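An overview of the molecular structure
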Amino acid sequence: MSASASPAPLAIDAIGDADVAKVVALWQRCGLTRPWNDPHADIALARRRDNSTVLIGRDAGTIVATVMVGHDGHRGWVYYVAVDPDGRKRGHGRVMMAAAEDWLRAAGIAKLQLLVRRENSQANAFYQSLGFEESTSVMFQKWLDGRDTTPSN
């Protein structure tokens, strides 16, 4: 997107029951799903409480972008930032991230964090263009259901 172009207008709203299958299909198309994470369960969990949601962006009624956003009362997090591969470079990702930031600000959250796989240079460049900085923190993980460590892919 050129510096003079403005983001395409999207209608932003929280996900509804009728949107779930279309959102999961978009996430799969964008390569965001992993075998060890059930996207339907992730959506259900995000919708279960007031501290998280899935925002969808529609262009002419079609879901073209998403972001899952939530907070722990101290820090905000985003996941599943997706833009339909056929609609990229139109500013939809920027619009969705701005919507997530607005949602967090409305909840009184002042810091936003996210995780990006190191090898995903395109995503890393996108977030840097939005003013994100690489953290000096190290992330640790542990599955609480006893399964083995997640594969590195």
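Residues numbered from 1 in each chain as written. Predicted model: local features only at pLDDT ≥ 70, side-chain atom pairs only at ≥ 80, totals over all residues. Heavy atoms only, no water.

Okay, the pattern of salt bridges next. Opposite charge on two side chains lets them pair, provided their charged atoms get close. Under the criterion given, the structure shown has 7 salt bridges. A salt bridge links Asp-17 to Arg-47; the nearest nitrogen and oxygen atoms lie 2.9 Å apart. With Asp-17 in the loop between strand E1 (11–14) and helix H1 (20–29) and Arg-47 in helix H2 (residues 39–48), this residue pair connects regions lying 30 residues apart in the sequence. Classification of Asp-17 by relative accessible area gives exposed; the value is 64%. Here Asp-84 ties to Arg-29 by a salt bridge, and the two come within 2.8 Å at their closest N and O atoms. Residue Asp-84 is located in the loop between strand E4 (76–83) and helix H3 (92–106), and its partner Arg-29 is located in helix H1; the two are separated by 55 residues in the primary sequence. Residue classification places Asp-84 among the buried residues on the basis of a relative accessible area of 14%. Overall, the relative accessible area of 44% leaves Arg-29 in the partly exposed class. Connected through shared salt-bridge partners, Arg-29, Asp-84 and Asp-86 make up one network. (Salt bridge = Lys/Arg side-chain N within 4 Å of Asp/Glu carboxyl O. Helix = DSSP H or I, 4+ residues; strand = E, 2+ residues; numbered from the N terminus. Buried < 20%, exposed > 50% of the residue type's maximum accessible area, 1.4 Å probe, protein only.)

As far as function goes, none of this settles anything; it's purely spatial.
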